[in-house]
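Reading the structure
The chain contents come next:
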Amino acid sequence: MAKADALNSVVNLAKRRGLVFPSSEIYGGFRSTWDYGPVGVLLKRNVKEAWWRTMVQLRDDMVGLDAAILMAPKVWEASGHIATFTDPLVDCKSCNERFRADQLPASGACPNCGAKGSFTEARQFNLMFKTFVGPVEDDASVAYLRPETAQGIFVNFKNVQTTMRRKPPFGIAQIGKSFRNEITPGNFTYRTREFEQMEMEYFVPPGEGERWFEYWCNERFRWYTEYGIPESMLRLRPHDPEELSHYSAGTADVEFQYPWGWGELEGIANRTDYDLTQHAKFSGEDLTYYDQESGTHYVPHVIEPAAGADRATLAFLLAAYDEDEVRGEKRTVLRLDKRLAPYKAAVLPLSRNEKLSPTARDVATMLRPHFQIDYDDASSIGKRYRRQDEVGTPFCVTVDFDSLDDNAVTVRERDTMEQDRVPIPDLVAYLRERLASS
Ligand code: GAP
């Protein structure tokens, strides 16, 4: 498929199958915002769950956190976001549209009206959403929606380290919404103004930053491949010195080959002791770690793998999207890793029938405590298989007239379309085993 079509195909599929809807659609949509539908919410939850499992559950050097979105405004002074979290903006004097100065075409023509050389001087535009806390809208009540989840981790460093009795190296992981007033949102859910991040701050003794930076670059690259993105669609790109954020001594992006080209999926940064030092200065709190072995205090250095739940979900969708042919007909199939698939199985009575439906419903009831399943008895069995293929359901469980006699069902696998006859009492164990194998 042509690359340009790949995004359209996924956007259409997402709408058609309840993965992602344009936000506020009945009002004509709202500026590049998107809502995850009944199927999409399952997929995105599985992506977040997979991240949490790898980053927290399977490790002995990690704890979790769920910090508030609204934080003391001083946090953003200390972090540098008020001073430097900006993009350069220009206005077209002819049509009044705004653009990022660093993204204008080389021709100097306005991308909207085509007028040449009619831009204002570039001004710095802060990307943080500003709001007011409480009933009075004055300077004293200004607050910001967090533009990254990271700062919630830094300001809780002491609380977490002391209550959980942690010694560097250890990490604090968090998943949550962040907000940025992006000037050029777009490419579906790739760049939006409200998005979810999956961030981890890994606190290490000074001098160990480089080693852990390398370690986390490799780990995070590996994670995407483990969950099904081919290596050929991924690359690790170190930032040039002039690209580095104000806090970073080194950053590498895990990039994905989106239909429009290579783009960031996750950033891994060596933030040094910048954040804890800044928060110690602005808050007056001692944020050093006391190392009993050496009898010294030090400010831990931080390695940060910062991923986006929406971008990861989009990348998994794009990588999984496939079209093949079954008996002369085009089939669209999402070849998602089974752990990410929204539904693990779908129960399908061969036809909507007063004999088959009760048995099929009993099978569904039996499976529900074990797996997220779908039940579908509308339209022909062929169409229902196609619907499940389109949302990546690994197994379709068909209840037919023989089931009433042999108490067994036919299980069809998504990728090979091979079928097995499985006794109903063995079905949970059968699915569990096949879902666990790759
Ligand atoms: N704490 C570091 C930090 O926030 P970042 O590279 O700006 O670093 C990390 O963001 C990740 O968050 C990105 O790699 C991307 O996956 C996601 N992200 C950032 N801005 C986004 C946006 N406007 N829309 C969707 N995802 C975004």
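1. Structural notes on the overall build of the protein
Across its full length, the protein carries 13 helices and 23 strands. Taken over 438 residues, the protein has a buried fraction of 51%. Counting contacts in the protein only where the partners sit at least 6 residues apart, residues at least 24 apart contribute 64% of the total. For the protein, the exposed surface amounts to about 20,900 Å²; the carbon and sulfur share of it is 49%. Here the protein contributes 54 positive and 66 negative side-chain charges, whose respective centroids are spaced 4 Å apart.

2. Considering the sheet that holds strand S23 (residues 419-423)
Spatial strand order, S20-S19-S21-S22-S23: 5 strands in an open sheet with mixed pairing. Unpaired on one side and paired on the other, strand S20 (373-375) and S23 mark the two borders of the sheet. Across this sheet, the average inter-strand angle for adjacent strands is 25°, counted without regard to direction. Its contacts with the sheet place helix H11 (residues 381-390) against strand S19 (345-349), S20, strand S21 (395-399), strand S22 (408-413) and S23, and it is angled at close to 170° to S19.

3. Points about the sheet that holds strand S12 (residues 250-258)
Strand order in the open sheet formed by 7 strands is S3-S9-S10-S16-S13-S12-S11, with mixed pairing between adjacent strands. Two strands close off the open sheet at either side, each with one partner strand: strand S3 (62-65) and strand S11 (234-238). The sheet shows a mean angle of 25° between the axes of neighbouring strands, direction not considered. In this sheet, strand S10 (residues 194-204) lies alongside strand S9 (residues 170-179) in antiparallel orientation, the contact comprising 10 bridges. Looking at S10, one finds that Phe179 is bridged to Glu194.

4. Overview of the domain arrangement of the protein
Along its sequence, the protein is carved into domain 1 (3-65 + 147-317) and domain 2 (343-436). Look at where the C-alpha atoms of domain 1 and domain 2 centre, and you get two points 37 Å apart. Taken residue by residue, the interface counts 6 residues in domain 1 and 6 residues in domain 2. Roughly 580 Å² of surface becomes buried between domain 1 and domain 2 when both sides are summed, with 57% attributable to carbon and sulfur atoms. On inspection of domain 1 and its partner domain 2, the count reaches 2 salt bridges.

5. A look at the packing of helix H2 (residues 38-57) against helix H7 (residues 209-226)
As a packed pair, H2 and H7 sit with axes 12 Å apart at the nearest point and diverge in direction by 140°. With respect to each other, H2 and H7 are oriented oblique. Like other packed secondary-structure pairs, H2 and H7 cross with a definite hand, here right-handed. Side by side, H2 and H7 meet where Val47, Ala50, Trp51, Thr54 and Met55 of the first sit next to Trp216, Arg220 and Trp223 of the second.

6. Considering the side chain of Arg414
With respect to the secondary-structure elements, Arg414 resides in the loop between S22 and S23. Looking at Arg414, its side chain comes within polar contact range of the main-chain oxygen of Gly392, at 2.7 Å. If we ignore the near neighbours within four places in the chain, the residues touching Arg414 are Arg331, Val333, Leu334, Arg335, Leu336, Asp389, Gly392, Thr393 and Pro394.

7. Brief notes about the pairing of S12
Counted residue by residue, S12 has 8 buried out of 9 residues, so it is predominantly covered. In this sheet, S12 lies alongside S11 in antiparallel orientation, the contact comprising 5 bridges. In the strand pairing of S12, Leu236 is matched with Val254. Across 9 bridges, S12 lies against strand S13 (residues 261-272) in antiparallel orientation.

8. A word on the site of the ligand
Within the structure, the ligand sits among 21 residues, and Glu148, Arg180, Thr192, Glu199 and Glu264 are positioned closest to it. Between the ligand and Glu199, the relevant distance is 2.4 Å, taken from a nitrogen atom to a side-chain nitrogen or oxygen of the residue. In this structure, Gly308 approaches the ligand through a main-chain N or O atom, which is 3.0 Å from an oxygen atom. Look at the ligand: alone it shows 560 Å² of surface, and the protein chains cover 91% of it. Counting only elements with at least two residues in the shell around the ligand, the list comes to S10, S13 and strand S16 (301-308).

9. As for the side chain of Ser248
On the secondary structure map, Ser248 appears in the loop between S11 and S12. In this structure the side chain of Ser248 is engaged in a polar contact, spanning 3.0 Å, whose partner is the backbone oxygen of Gly250. A polar contact of 2.7 Å, which involves the side chain of Ser248, links it to the side chain of Thr251. Among residues more than four places away in sequence, those in contact with Ser248 are Ala269 and Asn270.

10. Here we look at helix H8 (residues 274-283)
Taken as a whole, H8 has its buried residues at Asp275, Leu276, Gln278 and His279. The buried side chains of H8 occupy one side of the element, clustering within an arc of 160° when seen end-on. Residues of H8 that are buried sit in contact with helix H3 (74-79), helix H5 (150-154), helix H6 (157-163), S10 and S13. Gly284 occupies a position one or two residues after H8 and carries a positive phi of about 80°.

11. Digging into H11
Those residues of H11 that sit buried are Arg384, Tyr385, Gln388, Asp389 and Glu390. Where H11 ends, the next residue or the one after it, Gly392, has phi of about 80°, a positive value.

Parameters at a glance
- Residues numbered from 1 in each chain as written.
- Predicted model: local features only at pLDDT ≥ 70, side-chain atom pairs only at ≥ 80, totals over all residues.
- Heavy atoms only, no water.
- Helix = DSSP H or I, 4+ residues; strand = E, 2+ residues; numbered from the N terminus.
- Buried < 20%, exposed > 50% of the residue type's maximum accessible area, 1.4 Å probe, protein only.
- Contact = heavy atoms within 4.5 Å.
- Areas by Shrake-Rupley, 256 points an atom, 1.4 Å probe, with all protein chains shown as cover.
- Lys, Arg positive; Asp, Glu negative; His and termini not counted.
- Charge placed at Lys NZ, Arg CZ, Asp CG, Glu CD.
- Pairing = 2+ DSSP bridges.
- Axes fitted to C-alpha atoms, helices over the stretch in contact; angles between N-to-C directions.
- Domains from an automatic or database assignment.
- Buried area = accessible area lost by both parts, 1.4 Å probe.
- Salt bridge = Lys/Arg side-chain N within 4 Å of Asp/Glu carboxyl O.
- Parallel < 35°, antiparallel > 145°, perpendicular 65-115°, else oblique.
- Left-handed = near helix turned anticlockwise from the far one by under 90°.
- Polar contact = N/O pair within 3.5 Å; in protein donor to acceptor, adjacent residues only side chain to side chain.
- Near = heavy atom within 4 Å.
- Arc of directions from axis to C-beta.

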